[in-house]
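The primary structure of each chain is shown beneath.
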Amino acid sequence: MAAFPFSATSKPSKSATHSTFISSFIAGSNHIGRHSRLFLISTSGSVSGRARRKLCVKNVAATDQKQEPKDVATREDSASISSIIKYHAEFTPCFSMESFGLPKAFYATAESVRDMLIINWNTTYEYCEKLNVKQAYYLSMEYLQGRALLNAIGNLELSGSYAEALEKLGHNLEDVARQEPDAALGNGGLGRLASCFLDSLATQNYPAWGYGLRYKYGLFKQHITKDGQEEVAENWLEMGNPWEIPRNDVTYPVKFYGEVISGPDGKKQWVGGDNVTAVAYDVPIPGYKTKTTINLRLWSTKVAPAEFDLHAFNTGDHAKAYAAIKNAEKICYILYPGDETMEGKSLRLKQQYTLCSASLQDIITRFERRSGDPVNWEKFPEKVAVQMNDTHPTLCIPELIRILVDVKGLSWKEAWNVTRRTVAYTNHTVLPEALEKWSLNLIQELLPRHVEIIKMIDEELIHTIVAEYGTEDLDLLLQKVKEMRILDNIELPDSVLEMLPKSEESSVVDHIESVSDNETKGTDEGDQSQVLDTEKKNEVTFEPDPELPKMVRMANLCIAGGHAVNGVAEIHSEIVKNEVFNDFYKLWPEKFQNKTNGVTPRRWIRFCNPDLSRLITKCIGTEEWVKNTEMLVNLQKFADNEDFQSEWREVKMRNKIKVASFLKEKTGYLVNPNAMFDVQVKRIHEYKRQLMNIMGIIYRYKKMKEMSPKEREARFVPRVCIFGGKAFATYVQAKRIVKFITDVGAIVNRDQEIGDLLKVVFVPDYNVSVAEVLIPGSELSQHISTAGMEASGTSNMKFAMNGCIQIGTLDGANVEIREEVGEENFFLFGARAEEISGLRKQRSEGKFVADPRFEEVKAYVRGGVFGPYNYDELMGSLEGNEGYGRADYFLVGYDFPSYIECQDEVDEAYRDQKRWTKMSILNTAGSYKFSSDRTIHEYARDIWRIEPIVLP
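Rules behind the numbers
Residues numbered from 1 in each chain as written. Predicted model: local features only at pLDDT ≥ 70, side-chain atom pairs only at ≥ 80, totals over all residues. Heavy atoms only, no water. Core = buried A, V, L, I, M, F, W, Y, C linked by side-chain atoms within 4.5 Å. Buried < 20%, exposed > 50% of the residue type's maximum accessible area, 1.4 Å probe, protein only. Helix = DSSP H or I, 4+ residues; strand = E, 2+ residues; numbered from the N terminus. Pairing = 2+ DSSP bridges. Axes fitted to C-alpha atoms, helices over the stretch in contact; angles between N-to-C directions. Contact = heavy atoms within 4.5 Å. Expected span 1.5 Å × (residues − 1). pLDDT = per-residue confidence, 0-100. Salt bridge = Lys/Arg side-chain N within 4 Å of Asp/Glu carboxyl O. Phe/Tyr/Trp six-rings, centres within 6.5 Å; stacked < 30°, edge-to-face > 60°. Lys NZ or Arg CZ within 6 Å of the ring centre and 35° of its normal.

### Some points on the nonpolar core
Move 1: Judged by nonpolar contacts, the single largest core of 152 residues is most densely connected at Ile85, Val113, Trp243, Trp299, Phe380, Ile457 and Trp944.
Move 2: If one sorts the elements of this core by residue count, helix α12 (residues 342-371) sits on top with ten residues.
Move 3: Formed by 55 residues, the second largest nonpolar core is a distinct cluster that contains Leu691, Phe716, Val748 and Ala909.

### Digging into the sheet that holds strand β12 (residues 384-389)
Move 1: With respect to topology, nine strands assemble into an open sheet ordered β7-β10-β11-β4-β3-β12-β13-β19-β20, the strand pairing being mixed. On the outer flanks of this sheet lie β7 (245-256) and β20 (592-594), each paired with one strand and no other. Between one strand axis and the next, the sheet turns through 25 degrees on average, direction left out of account.
Move 2: Contacts from helix α8 (residues 189-203) reach β3 (135-139), β4 (208-213), β10 (274-286), β11 (293-302) and β12 within the one sheet, and its direction differs from that of β10 by about 55 degrees.

### Things to note about helix α31 (residues 732-748)
Move 1: The end-to-end C-alpha distance of α31 is 24 Å, a good match for the 24 Å that 17 residues give at a rise of 1.5 Å each.
Move 2: With twelve of 17 residues buried, α31 lies mostly within the body of the structure.
Move 3: All of the buried residues along α31 are Gln733, Ala734, Ile737, Val738, Lys739, Phe740, Ile741, Thr742, Asp743, Val744, Gly745 and Val748.

### A short note on the pairing of strand β8 (residues 259-262)
Move 1: By the bridge criterion, four bridges tie β8 to strand β9 (residues 268-271) in an arrangement that is antiparallel. What sits directly across from Val260, in β9, is Trp270.
Move 2: Between the antiparallel neighbours β8 and β9 lie five residues, among them Gly266 with a positive phi of about 90 degrees.

### Quick look at the sheet that holds strand β18 (residues 551-553)
Move 1: With respect to topology, three strands assemble into an open sheet ordered β14-β18-β15, the strand pairing being antiparallel. Only two strands of the sheet have a single neighbouring strand rather than two, namely β14 (437-439) and β15 (487-488).
Move 2: With two bridges joining them, β15 and β18 adopt antiparallel strand pairing. Paired with Leu487 across the strands is Val552, a residue of β18.
Move 3: Of the strands in this sheet, β14 and β18 are in contact with helix α23 (residues 554-561), which crosses β18 at around 45 degrees.

### Considering the confidence of the model for the protein chain
Move 1: With 88% of its residues at a pLDDT of 70 or more, the protein chain shows a mean pLDDT of 89.
Move 2: Low pLDDT, under 50, characterises residues 1-76; the stretch is placed with 138 contacts to residues that sit more than four places away or in other chains.
Move 3: This stretch, residues 504-541, has a pLDDT under 50; its non-local contacts, to residues over four places away or in other chains, come to 44 contacts.

### Some remarks on the pattern of salt bridges
Move 1: Tallying each qualifying case throughout the model produces 66 salt bridges.
Move 2: For Asp765, the salt bridge goes to Lys221, with nearest N and O atoms at 3.7 Å. Residue Asp765 is found in the loop between β23 (758-763) and α32 (768-774), and its partner Lys221 is found in strand β5 (residues 221-225); the two are separated by 544 residues along the sequence.
Move 3: Here Lys221 falls in the partly exposed class, since its relative accessible area comes to 23%.
Move 4: The network of salt bridges with common partners includes Glu855, Lys858, Arg862, Asp872 and Glu879.

### Quick word on the environment of Met695
Move 1: One can find Met695 in helix α29 (residues 690-705).
Move 2: Relative accessible area serves as the criterion here: at 0%, Met695 is assigned to the buried category.
Move 3: Along the chain, Met695 and Ile900 lie 205 residues apart, while their C-alpha atoms are 9.6 Å from each other.
Move 4: For Met695, the residues in contact, after removing those within four places along its chain, are Phe740, Phe854, Val857, Lys858, Met875, Leu878, Val892 and Phe896.

### Observations regarding the environment of Val849
Move 1: Looking at the secondary structure, you find Val849 in the loop between α35 (836-844) and α36 (852-862).
Move 2: Spatially, the C-alpha atom of Val849 lies 8.6 Å from that of Tyr894, the residues being 45 residues apart in sequence.

### Points about the side chain of Asp743
Move 1: Residue placement: Asp743 occurs in helix α31.
Move 2: Discounting chain neighbours no more than four positions away, the residues touching Asp743 are Phe866, Tyr869 and Tyr871.

### A few points about the packing of aromatic side chains
Move 1: Using the criterion set out here, one finds 35 aromatic pairs in the structure.
Move 2: An angle of 5 degrees between the planes, with centres 6.2 Å apart, marks the rings of Tyr211 and Trp299 as stacked. Taken as a pair, Tyr211 in strand β4 and Trp299 in strand β11 lie far apart in primary sequence, 88 residues in all. Each member of the pair Tyr211 and Trp299 is classed as buried.
Move 3: By the ring-pair criterion, three or more aromatic residues cluster together here, those being Tyr125, Tyr137, Trp209, Tyr211, Tyr252 and Trp299.
Move 4: Sitting over the face of the ring of Tyr281, Arg214 holds its NZ or CZ atom 4.1 Å from the ring centroid.

### Re the pairing of strand β19 (residues 564-567)
Move 1: Burial of the side chains of β19 extends over both faces: Ala564 and Asn566 are buried on one face and Val565 and Gly567 on the other.
Move 2: Sheet analysis places strand β13 (residues 423-426) next to β19, joined by three bridges and oriented parallel. Across the sheet, Tyr425 pairs through a bridge with Val565, a residue of β19.
Move 3: Bridge count between β19 and β20: three bridges; the pairing is parallel.

What follows is the structure in structure tokens.
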């Protein structure tokens, strides 16, 4: 442990030390010194009548002088950086004074970087306020940021200076950076995409903020035991978060329960119920090679101290005493709390509403402050763009209307017009279970005013549908209403019933008939017509079915209430338009767009793979490719160059050695870096088909065992098969898959007969920091989801950027990656998206015949080779022709033959290292399209209509 230069054992008196240090600190660097003791001054009124708030930086020595924004340090200023790190270690401590160990070094270093970010952050804020430009606000339940230190100093171009500064203080920069825990604010691609977008927004100088929740315990920390996955709470905030700044003056009330009454003037009032307070925590997000620094505002929840029942506490009823406090705080405890119970569902809905309500109140406060008096609400969409990242923030729509109508006094028509011009929706899934539906009764209980508003939006939508289709073909009209309306299993509004022709023999409601969803599943159009033409035995009326729940379809609400709907890959957007929301697309074709996802090249190649970055820069002749990834195409010219290929392989080997060391540290398994590193790291889900991957490995292992040593070495390329990802805590089948993989690894890795020819490693607690190690050293990555089920994926883009060749289906962004890198540089297998429904129908009719090799693997597993655990449930999901959890819904069995045959092609290609290296280079060259900079530019141009603002 490095000795602290001014530790308790060697320093003079405290007052003398303080005076001497501050004097020498300021003298050593006027620039740093002026900003070494920064105070963020914030003035504001109450929440109900919020006054102008201004953030500024004040210097303790010269508070009356206006400070011009300047760069805080230069690339060569390591001495000043060392001084400011020492200052924070001494005067903003989170640790004891006795030592300057790695944890303390990290916090002091991070706080010194934060000082620099605050300068640019405040300058960005003030400049945007001054210009009063339109801003985008990105609302997401997840932000999977990863560690921030290396990314921040890299964006500030201070990596070298910080490395030198820490070396003077007795530490290595990489060792210090490893002390930082990953921020536990996300789970998978949704949160990682949001974080990439923030980086690109800042780098391209767009005026924008992100909004999210500050989860105390994250999703969970994953441990791997003999029983499989074990979940424990994340502890990322245990030692504090040096990047966040609590804004105790930025608070908003968030109400639940209560009732709606009409005031004397006829206006609706939501009264009673429980009130919690949302408190802002700000995290600065720096751009790359720019002063622009934007904000991620995270909300935490609390109640006033008066809610603590002191009397109950003193009489021994401690649970009652702090019940209100715990009920408020738990809203931000866990990302995606289990929703198997009504309490879990209620908590999730509270989370979503807290994000929407607090964020919109904040956005409106900023708009009013900028607008002055009187406020012209018609201009709100000209200054504000709200992007909902998936359906989690859907309540933004009724909440914005509620605030505009109930609080600001707008009419329904005015508020509805403003809302539809402000809000946009990104769809991230075509999986039915992931298209959120909420119980109407639950929303009624928690948010009674919002149910009234949702019913009004639903009524507006039905009127639009009636205007589009007319009332002549009543069956067609009512089919469209049933499929498209927001409220499911709810009676039609009176205003709609009045528009429909009356039946002579029965009431209008009795005449309204349509085929139920369940009874039309698996039928083609001809079958449906036949059913509709038969007697009414298979038909139901629009009267609510008391046996079915009343639901609110959130995606339908998003489409009706927003001005734009986008998918996140070309194939996904086509499925959204032509299948999932085809009726909406026919009604509003102008709303639907594609915005193929991207990832930030800063974190995902420049910083996580510095050796490859240097080689690319050397080859291209400039580092501008980090902001202009189109320049990566220039690598194509060098793909056959033997010297360049040799350097490329050397870089990959160095990264593989790092991966091997990491695997030994995390799992205890020793792997050979000369083997092919074959990686599948992503959320564990049946549609992502980790099950097919491990069954392919079992087939490989079985064939190896049947051969002589000489035969198997001739037939198979040595492989290290690496898995990583979390299974949701209540997703039983996904957790079975995790255990299955680890059981297979336990047997294979101990098999001395097989040795280094095959290893299977499951990396526990996969997160951004783990990905930053694994991806640069990967050679083959698996993106093998059932075609048509992955919206886009972003890990496939990260792997391609780092020269990793992919095996996959034509799903999500795989389609576009294959187009860009070249068909010959992508290993393709499996059914196409347009074939899937037909294959499932074929299965249900008992026409599917499994490949003998697939049956062979299942029998091998059931033979107990991989331990005593009973895998009948797992293997059974791949069998049968119908039934819940049966019939191989994700087509593992159908795609298995082409998958293992494609793996043979992989082995063949890998044996020819010149060919493999060329493929690797061309993957990096073709990844140019998949920068989040490109994606954000398209959002800004086509949806948000915002312009870059370059700071003076």
